[in-house]
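Listed below are the residues making up each chain.
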Amino acid sequence: MVDFTFNAKEQEIIREIRREGLVLRKYARYYDEHEEELPPDEFPEAKEFAHIDKMAADRGADATSPTAFYMCMLMHRTWGDMMRMKVPFTALGNASVTAAGTDEQKKRWAKTRLSMANTEPGCGSDSKAIETTAELDGDEWVLNGEKIFVTTGIRAEGSVIWATIDKSAGRGGIKAFVVMKGTPGFELVKKEKKMGIRSSDTAAFVLKNCRVPKENLLGMDPTVKKGGGGFKGLMKTFNLTRPGVAAMGIGNIMACQEFVAEEMAKEGVAVDYEAGQHKRSAIQQKMIELEAELEAATLCTLRAGWLADKGKPNNLEASVSKQKGGDISRRGAQLALEILGAMGSTHDQLVEKWFRDARITDIYEGTGEIQRLVIARELLNYTSKDLT
Ligand SMILES: Cc1cc2nc3c(=O)[nH]c(=O)nc-3n(C[C@H](O)[C@H](O)[C@H](O)COP(=O)(O)OP(=O)(O)OC[C@H]3O[C@@H](n4cnc5c(N)ncnc54)[C@H](O)[C@@H]3O)c2cc1C
């Protein structure tokens, strides 16, 4: 049975994460306004909250499934601030190693922070259009190409680079390679300046005759896969990370929704859940709709995590959660500003920042349109050739 009722220990963890979140909010504006600075991995009060992860490791016999609860923790952490000042030591590339690496590779890079570089100037949504090449030369792979919009690209120790070993094979030729910083020919060329999530660093790289040992090919299988075998392995990365991105967006909108409710309460306006729709004000009705959408997005995200824990396919559910999380992020932040009016636009509050931060949820890890494509393919049993 699927049950997402959190036990007493879990509820205590959520309270502690929220207490930490209020501390993190103190730093949110500074790093939003000083994008050129990289926030430290740990914020000054971090020690006071070191017990949270230990508490999460011991949640009792009736604990919620670990990935579902991890999603819940992410939501409440981003409730503090979308790009919190407590940076996990893993990044997207670590999820690629988990999804496509051999056991030895998983062990080797378990403690190495790795970004993930798929996007290129001519390839974003359509991952099979990758132009970066990898050629085997003796015991080394030689990589050439450009990668843009790489999250954590500045602070990560290395990156998982998606490249093709045979362009004519389409997705069947795409493989992933771990490239460490300092490797000759692997050049960091840009740090992006962004509309939102400014404390998250985003980088661009050029690879020029960049040589890595042949053991850095994730999965260690250099054969071209008909039907995209290797590529499918890599796409599994998204089944782990898309619900996580959704969870972060949801946390941000939970913060917007609660802020608006508190401001409304100060003006003596409370949502009357008992009254019929015709008796509520337009604002009350909007708030109810926002809460309902948040609940739906939350449940989809927890379920995608729960399926992963059960070892069941969650391709469909990962995209549903990401689509719902992206949608609520765009519309929820917009609605918060709509209700608050001018107050929502000033730098005195974090809402205007949350509004800018929210937009990314519906872009990275596949846009809302791409999630809808994946969902349609899954429901109709179509391949990517049938529905593009
Ligand atoms: C802050 C930030 C961080 C990022 N981090 C990473 C990262 O760590 N690693 C990484 O590899 N990438 C990263 N990206 C890149 C991100 O994943 C891409 O921007 C995204 O996948 C969209 O690709 P694109 O920008 O090339 O848009 P395009 O693919 O050119 O799409 C443009 C528009 O067309 C729509 N569209 C495209 N194809 C279709 C279709 N078939 N049907 C309907 N609509 C379609 C899209 O939804 C979009 O609205 C990041 C981007 C940002 C902004």
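Keep in mind that what you see is a predicted model, and the values were worked out from it rather than measured.

Caption draft 1: Here's a closer look at the packing of aromatic side chains. Here the structure, examined in full by the defined rule, presents six aromatic pairs. On the basis of an interplanar angle of 40° and a centroid distance of 6.1 Å, the ring pair of Trp 162 and Phe 238 is categorised as tilted. In this pair, Trp 162 sits in strand 4 (residues 158-164) while Phe 238 sits in helix 6 (residues 229-266), placing the two residues 76 residues apart along the sequence. Comparing Trp 162 with Phe 238 shows no difference in burial state: the two are buried. Here the basic side chain of Arg 18 rests over the ring of Trp 79, its NZ or CZ set 4.1 Å away from the ring centre.

Caption draft 2: Geometry of the site of the ligand. Among the 21 residues in the neighbourhood of the ligand, the closest are listed as Thr 119, Ser 125, Phe 149, Thr 151 and Thr 367. The separation between an oxygen atom of the ligand and a polar main-chain atom of Asn 118 is 2.8 Å. A distance of 2.6 Å is found between an oxygen atom of the ligand and a side-chain nitrogen or oxygen belonging to Ser 125. Its free accessible area being 980 Å², the ligand has 66% of it covered by the protein chains. At the level of secondary structure, the elements contributing two or more residues to the shell around the ligand comprise strand 1 (114-117), strand 3 (140-151) and helix 10 (368-380). Residue composition of the shell around the ligand, by class: eleven nonpolar, seven polar and three charged. In this structure, the shell around the ligand is formed jointly by two domains, domain 2 (92-226) and domain 3 (231-380), each of which donates at least three residues.

Caption draft 3: Local environment of the pattern of salt bridges. Tallying each qualifying case throughout the model produces 35 salt bridges. Between Asp 362 and Arg 330 there is a salt bridge, and its shortest N-O distance comes to 2.8 Å. A residue pair is termed long-range when its members are at least 10 positions apart, and Asp 362 in the loop between helix 9 (351-358) and helix 10 and Arg 330 in helix 8 (residues 315-340) qualify at 32 residues. For Asp 362, a relative accessible area of 8% puts it in the buried group. Taking relative accessible area as the criterion, Arg 330 reaches 27% and is therefore assigned partly exposed.

Caption draft 4: Layout of the pairing of strand 2 (residues 133-137). Pairing analysis gives five bridges linking strand 2 to strand 3, with the strands arranged antiparallel. Bridge pairing links Glu 135 to Val 142 in strand 3.

Caption draft 5: Representation of the domain arrangement of the protein. Split by domain assignment, the protein resolves into domain 1 (8-80), domain 2 (92-226) and domain 3 (231-380). Computed over C-alpha atoms only, the centres of domain 1 and domain 3 are separated by 19 Å. The interface is formed by 18 residues belonging to domain 1 together with 25 residues belonging to domain 3. A per-residue breakdown of the area domain 1 buries against domain 3 is headed by Arg 29, Met 71 and Met 75, which together make up 37% of the total. Connecting domain 1 to domain 3 are three salt bridges. In this structure, the connection of domain 1 to domain 3 is made through ten residue pairs in polar contact (both at pLDDT 80 or more). Only helix 1 (8-33) and helix 3 (66-80) provide two or more residues apiece to the side of domain 1 that touches domain 3. Counting residues per element, the side of domain 1 that touches domain 3 draws most heavily on helix 3, which supplies eleven residues. A breakdown of the residues in the side of domain 1 that touches domain 3 according to their chemical character gives eight nonpolar, five polar and five charged.

Caption draft 6: Local environment of helix 8. An ideal rise of 1.5 Å per residue puts 38 Å on 26 residues; helix 8 measures up with 37 Å between its terminal C-alpha atoms. Phi turns positive, to about 65°, at Gly 341, one or two residues after helix 8.

Caption draft 7: Spatial organisation of the state of the cysteines. Counting across every chain of the model gives zero disulfides. Cysteine Cys 72 is unpaired, with the sulfur of Cys 300 as its nearest cysteine sulfur at 15 Å. Sulfur of Cys 256: no disulfide; nearest cysteine sulfur belongs to Cys 72 and is 18 Å away.

Caption draft 8: Representation of the packing of helix 8 against helix 9. Closest axis-to-axis distance for the helix 8/helix 9 pair is 9 Å, and the angle between their directions is 155°. Put simply, helix 8 runs roughly antiparallel to helix 9. Crossing geometry of helix 8 relative to helix 9 is assigned as left-handed. Taking contact as the criterion, the partners of Ser 329, Ala 333, Gln 334, Ala 336, Leu 337 and Leu 340 in helix 8 are, on helix 9, Val 351, Phe 355 and Ala 358. A class-by-class count of the residues in the contact of helix 8 with helix 9 yields seven nonpolar, two polar and no charged.

Criteria and thresholds
- Residue numbers here run from 1 along each chain, matching the order of that chain's written sequence.
- Since the coordinates come from a predicted model, pLDDT governs what is reported: local features require at least 70, and pairs of side-chain atoms require 80 or more to be given and counted, while whole-chain, interface and lining totals use all residues.
- Just so you know, side-chain values use all the structure's heavy atoms and leave hydrogens and water out.
- Only Phe, Tyr and Trp rings take part, Trp by its six-membered ring, and two of them pair if their centres are within 6.5 Å. Stacked means planes under 30 degrees apart, edge-to-face means over 60, and tilted covers everything else.
- Helix and strand definitions follow DSSP, with helices as H or I runs of at least four residues and strands as E runs of at least two, each counted in order from the N terminus.
- Any residue under 20% of the maximum accessible area for its type is buried, any over 50% is exposed, and the rest in between are partly exposed; the area is computed with a 1.4 Å probe on protein chains only.
- Note on geometry: a ring has a charge over it if NZ (lysine) or CZ (arginine) is within 6 Å of the ring centre and within 35 degrees of the ring normal.
- We call a residue near a molecule or strand whenever a single non-hydrogen atom of that residue lies within 4 Å of it.
- N or O atoms closer than or at 3.5 Å make up a polar contact, with two conditions inside protein: a donor-capable atom paired with an acceptor-capable one, and, for residues adjacent in sequence, both atoms drawn from side chains.
- We get accessible surface area from the Shrake-Rupley algorithm with a probe of 1.4 Å; when it comes to residues, only the shown protein chains can shield them.
- Amino acids are sorted into nonpolar (Ala, Val, Leu, Ile, Met, Phe, Trp, Tyr, Cys and Pro), charged (Asp, Glu, Lys and Arg) and polar (every other residue, Gly among them).
- Throughout the structure description, domain borders are defined by an automatic or database domain assignment.
- Should a side-chain nitrogen of Lys or Arg be within 4 Å of a carboxyl oxygen of Asp or Glu, the pair is scored as a salt bridge.
- Here, any two strands with at least 2 DSSP bridges between them count as paired.
- Whether two residues are in contact is decided by their heavy atoms, any of which lying within 4.5 Å being enough.
- When two components associate, each loses some accessible surface as probed by a 1.4 Å sphere; the sum of these losses over both components is called the buried area.
- To estimate how far a helix should extend, the number of its residues minus one is multiplied by 1.5 Å.
- A pair of cysteine sulfur atoms is labelled a disulfide when the two atoms are within 2.5 Å.
- Helix axes are fitted to C-alpha atoms over the stretch in contact, other axes to C-alpha atoms as well, and angles between N-to-C directions run from 0 to 180 degrees.
- Relative orientations are named as follows: roughly parallel for angles under 35 degrees, roughly antiparallel for angles over 145 degrees, roughly perpendicular for angles from 65 to 115 degrees, and oblique for any other angle.
- The crossing is said to be left-handed when, going from far helix to near helix, the turn is anticlockwise and less than a right angle, and right-handed when the turn is clockwise.

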